[in-house]
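Geometric and topological summary
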Amino acid sequence: MAELNTLNNEWVLTWLRRSAEVVARHKSELSELDRLIGDGDHGENLDRGFSAVLAKLDAEPPATPGDALKLVAMTLMSKVGGAAGPLYGTAYLRAATAVGGTLELDAPLLAVMLTAARDGLVARGKAEPRDKTMVDAWTPAVDAAAASVAAGAHPTEVLAAAAAAAEQGAEDTIPLVAHKGRASYLGERSAGHKDPGAASSALLLRAAADTAAGYGAEEAQQ
Amino acid sequence: MTVGLVVVSHSAKLAEGVVEVAGQMAKDVRFAAAGGTDDGGIGTSLDKVMTGIEAVQTGAGVLVVCDLGSAVMTAESALEFLGNPDDVRVADAPLVEGTVAAAVAAQSGRGLAQVCTAAEQSLAGHGSASAPADSSSAPANTESVTADVELINPLGLHARPAATLAGGLGKLDVDVTINGMDGQSVMMLMALGAGKGTVLHVVATGADAEKAVGFVTQEVSAGFGEL
């Protein structure tokens, strides 16, 4: 399979649509995780946010990756309601800033974009690694993406590495005791459950990787 | 033109209620209640916060007061979207006490930094960890003006009279304590819990010390117009 050297706006738009699908499909599962250690609305909240994103993409598709990411940021911050709104909103906003007006995203820029998103989460939520939050999925993802870029990987491989690391990071939140957010009120009782924010982060990054893989394959066929 | 206040809460009712309470003490201050999600659910909305900031900005600055963690995050996100302007701040303050203290400070014409400080110190007079204003910290070389005056209105120093005193004293160039508490802080005065019959010991220093003591004596003796 031919590997693409860059991903374009079409990839971003397809990724966002796939994100909405994946969130809708995992809505109950995410809310169940949240019910165990939080207020039980993470899946519904995120689904409401991404449904609104979908409606806006249909109404007027953004012309650049930066515009698309900014649209997601605005929409999630206004529609999600819970902590995930400003957290993901800030992540997409910083990602949008990182890509700027660039139309073709190469591997190093993708890694920079993911790092900016993670840094936005940290700045907004003030969580440290191992606080049992989204950051515990994003930090391994960012590290894996950077290592992959350093090894000369293509965008699809960079995103695949990030997604796999995020999934592992989300699993690794299970034994952790929460130190941030609603789950921190549970103290020791938060251990034994996967963090819902880390779980949804892994889903969104997996959607990015799968979109790139599928998109790359389709492009190669044409 | 006063500092405007935006109250951000997970609940639309809560935000409106806090605005209602604080508004009673600050008739010239512009408030925006930014509570609930866009569709009326529990949560916070970037749209509502940004619209609120715009609605109360008169040029004197805007203070945003929030309830739980994600409301703070939404408020901070709104500031990031606006490019982190100098004249909008998010207070690290309890919602009800902070908004009331900020409203009274804004009503008495304080600037954004002071309104923010009023909100952030609004809990300082509560509980066992209370830190009454230390009268010994007043410069030793200034003459202080003092008076003792008894509360005669039935409800004592409740919210409205406390706001009257703090608001009036806030406009004067004076350092003033009432029974050891900062007389320019409505929350501190309310924290005294002074009922009818309590004698208030007023100590004032500074250019307007005479005026300040006269003002307190007059208001208290008149029963704050509640008799």
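The structure displayed is predicted, hence computed values, not measured ones.

Turning our eyes to something else, we now look at the overall build of chain A. The helix and strand inventory of chain A stands at 9 helices and 2 strands. Secondary structure elements of chain A occur, N-terminal to C-terminal, as β-α-α-α-α-α-β-α-α-α-α. On C-alpha atoms alone, chain A measures out to a radius of gyration of 16 Å, which is about the 17 Å that the 2.2 N^0.38 rule sets for 222 residues. Oriented by its inertia axes, the alpha-carbon framework of chain A measures out at about 50 × 40 × 30 Å. Burial status across chain A gives 53% buried among its 222 residues. If you take every contact in chain A between residues at least 6 apart in sequence, the share linking residues at least 24 apart comes to 72%. About 8,900 Å² of surface is accessible on chain A, with carbon and sulfur atoms providing 53% of the total. Mean positive and mean negative side-chain charge positions of chain A (20 and 29 charges, respectively) differ by 8 Å.

Turning to the nonpolar core, a few remarks are in order. Counting 85 residues, the largest nonpolar core has Trp11(A) and Tyr92(A) as its most contacted members. Per-element accounting of this core gives the leading share, 10 residues, to helix α9 (residues 196–221) of chain A. When residues no more than four places from it in sequence are discounted, the contact partners of Tyr92(A) are Trp15(A), Leu16(A), Phe50(A), Leu69(A), Val72(A), Ala73(A), Leu76(A) and Leu204(A). Core analysis: the second largest hydrophobic core is formed by 55 residues, Ala22(B), Leu95(B), Val202(B) and Val220(B) among them.

One widely used convention gives an interface's size as the accessible area the parts lose upon coming together. Residue and element names in this part refer to chain B. In terms of domain boundaries, chain B breaks down into domain 1 (4–120) and domain 2 (135–225). Taking the mean C-alpha position of each, domain 1 and domain 2 sit 28 Å from one another. Together domain 1 and domain 2 conceal approximately 690 Å² of surface at their shared face, both sides included; 74% is due to carbon and sulfur atoms. The interface formed by domain 1 and domain 2 holds 0 salt bridges in total. A per-class count over the side of domain 1 that touches domain 2 returns 4 nonpolar, 2 polar and 2 charged.

Before going further, it helps to spend a moment on helix α7 (residues 135–150) of chain A. Working note: α-helix, 3.6 residues per turn, so residues spaced by three or four point in the same direction. All names here are of chain A. Taking 1.5 Å of rise per residue, the 16 residues of α7 would be expected to cover 22 Å, and the 22 Å separating its terminal C-alpha atoms lies within 8% of that figure. Regarding α7, the residues found buried are Val135, Asp136, Ala137, Trp138, Thr139, Ala141, Val142, Ala144, Ala145 and Ser148. A positive backbone phi angle near 85° is found at Gly152, which sits one or two residues after α7.

Turning to the pairing of strand β1 (residues 4–9) of chain B, a few remarks are in order. All names here are of chain B. The buried fraction of β1 is high, at 6 of 6 residues. Residues of β1 alternate between two faces, with Gly4, Val6 and Val8 on one and Leu5, Val7 and Ser9 on the opposite face, all of them buried. Alignment of β1 against strand β2 (residues 31–35), held across 5 bridges, turns out to be parallel. Paired with Val7 across the bridge in β2 is Ala33. You can see the chain leave β1, run along helix α1 (residues 12–23) and come back into β2, and the turn it takes is right-handed.

A word on the environment of Asp208(B). All names here are of chain B. Turning to its location among the elements, Asp208 is positioned in the loop between β8 (199–205) and α8 (209–221). Among the residues examined, Asp208 registers a relative accessible area of 17% and is labelled buried. Between the alpha carbons of Asp208 and Val145 there is a distance of 9.8 Å; along the sequence they are 63 residues apart. Discounting residues that sit within four places of it in the chain, Asp208 has contacts with Leu172, Asp173 and Val174.

On the side of chain A, 19 residues touch chain B, which itself brings 16 residues to the contact. Contact between chain B and chain A buries roughly 1,500 Å² in total, counting both sides, with carbon and sulfur atoms accounting for 55%. When the area that chain B buries against chain A is broken down by residue, the three leading residues are Met73(B), Glu80(B) and Phe81(B), summing to 40%. Here chain B and chain A share 6 salt bridges between them. Here Arg124(A) ties to Glu76(B) by a salt bridge, and the two come within 3.7 Å at their closest N and O atoms. Where chain B packs against chain A, one counts 8 residue pairs in polar contact (both at pLDDT 80 or more). Mapped by element, the contributors of at least two residues to the side of chain B that touches chain A are α2 (46–56) and α3 (69–81) of chain B. Its residues assigned to classes, the side of chain B that touches chain A comprises 4 nonpolar, 7 polar and 5 charged.

Conventions and cut-offs
Residues numbered from 1 in each chain as written. Chains lettered and ligands numbered in written order. Predicted model: local features only at pLDDT ≥ 70, side-chain atom pairs only at ≥ 80, totals over all residues. Heavy atoms only, no water. Helix = DSSP H or I, 4+ residues; strand = E, 2+ residues; numbered from the N terminus. Rg over C-alpha atoms; globule rule 2.2 N^0.38 Å. Buried < 20%, exposed > 50% of the residue type's maximum accessible area, 1.4 Å probe, protein only. Contact = heavy atoms within 4.5 Å. Areas by Shrake-Rupley, 256 points an atom, 1.4 Å probe, with all protein chains shown as cover. Lys, Arg positive; Asp, Glu negative; His and termini not counted. Charge placed at Lys NZ, Arg CZ, Asp CG, Glu CD. Core = buried A, V, L, I, M, F, W, Y, C linked by side-chain atoms within 4.5 Å. Domains from an automatic or database assignment. Buried area = accessible area lost by both parts, 1.4 Å probe. Salt bridge = Lys/Arg side-chain N within 4 Å of Asp/Glu carboxyl O. Nonpolar A, V, L, I, M, F, W, Y, C, P; charged D, E, K, R; others polar. Expected span 1.5 Å × (residues − 1). Pairing = 2+ DSSP bridges. Right-handed = clockwise from strand over helix to strand, strands pointing away. Polar contact = N/O pair within 3.5 Å; in protein donor to acceptor, adjacent residues only side chain to side chain.

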